[in-house]
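Secondary and tertiary structure notes
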Amino acid sequence: MGSSSKVILVGAMSLIVGVYAISLKKAEASGVEAALKHVNRVQSERLEDAAIRTAMFTFVKNGGKYSYYGTKLALGGGTYSYLMITHGTWADLSVTVTKNGVKKNITARVDKRTTGVKKGARSIHRGQWEVTKSFIER
């Protein structure tokens, strides 16, 4: 094998290894980006959930008879404000969550149950009051 053939062979091998390494790095970056998007989405969902639960807790703690509003600081930065307007055995709940300059509006209907409320990790309830419908504006 001549010296020019060896140079071409080494150059081709270097090119193949380089392209392979770049592809691996790009795949890693895509994986990290997808994981970061998932973390941000989950944190946002937990913040929204905490805001609704805090509004429910304050409402029930104060007797659940009158309309209430308030503003709280959120863990991890941001704020949320809520307004709960009662209509007897049901209430309208409006929550505005602000994090990193982005506002999200949440509206929910809260019903007072005479029978038991649904128990579970994703069920939002406090005392006899339970969130039966909710909508998060994305």
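The structure reproduced in this document is the subject of the present report. (Residues numbered from 1 in each chain as written. Predicted model: local features only at pLDDT ≥ 70, side-chain atom pairs only at ≥ 80, totals over all residues. Heavy atoms only, no water.)

**Things to note about the nonpolar core**
Core analysis: the biggest nonpolar cluster contains 21 residues, and Ile-52, Met-56, Leu-93, Val-95 and Val-110 have the highest contact counts within it. Put simply, the parts of the chain that give this core at least two residues each are helix H1 (3–61), strand E2 (79–86), strand E3 (90–99), strand E4 (102–112) and strand E6 (129–136). By residue number, the principal contributor to this core is H1, which donates six residues. Aside from chain neighbours lying at most four places away, what touches Val-95 is Ala-51, Ile-52, Tyr-80, Ser-81, Tyr-82, Lys-104, Asn-105 and Ile-106. (Core = buried A, V, L, I, M, F, W, Y, C linked by side-chain atoms within 4.5 Å. Buried < 20%, exposed > 50% of the residue type's maximum accessible area, 1.4 Å probe, protein only. Helix = DSSP H or I, 4+ residues; strand = E, 2+ residues; numbered from the N terminus. Contact = heavy atoms within 4.5 Å.)

**As for the environment of Arg-122**
Relative to the helices and strands, Arg-122 is located in the loop between E4 and strand E5 (125–126). In the structure, Arg-122 is positioned 73 residues away from Asp-49 in sequence and 8.9 Å away in space, judged by C-alpha atoms. Not counting residues within four places of it along the chain, the set of residues in contact with Arg-122 comprises Arg-46, Asp-49 and Arg-53.

**Some words on the pattern of salt bridges**
For side chains bearing opposite charge, pairing can occur when the charged atoms are close. Applying the stated criterion across every chain yields a total of six salt bridges. Asp-49 is the salt-bridge partner of Arg-53, the closest N and O atoms lying 2.9 Å from each other. Taken together, the residues span about one helical turn, with Arg-53 and Asp-49 both in helix H1 at a distance of four residues. Since its relative accessible area comes to 29%, Arg-53 is described here as partly exposed. (Salt bridge = Lys/Arg side-chain N within 4 Å of Asp/Glu carboxyl O.)

**Section: H1**
Across its 59 residues, H1 extends 86 Å between first and last C-alpha, which sits within 8% of the 87 Å expected from 1.5 Å per residue. Looking at the buried side of H1, the elements it contacts are strand E1 (68–73), E2, E3, E4, E5 and E6. Gly-63 lies just past H1 and shows a positive phi near 105°. (Expected span 1.5 Å × (residues − 1).)

**A closer look at unusual backbone geometry**
The phi angle at Asn-100 is positive, at roughly 55°, despite the residue not being glycine. On the secondary structure map, Asn-100 appears in the loop between E3 and E4.

By themselves these figures say nothing about function.
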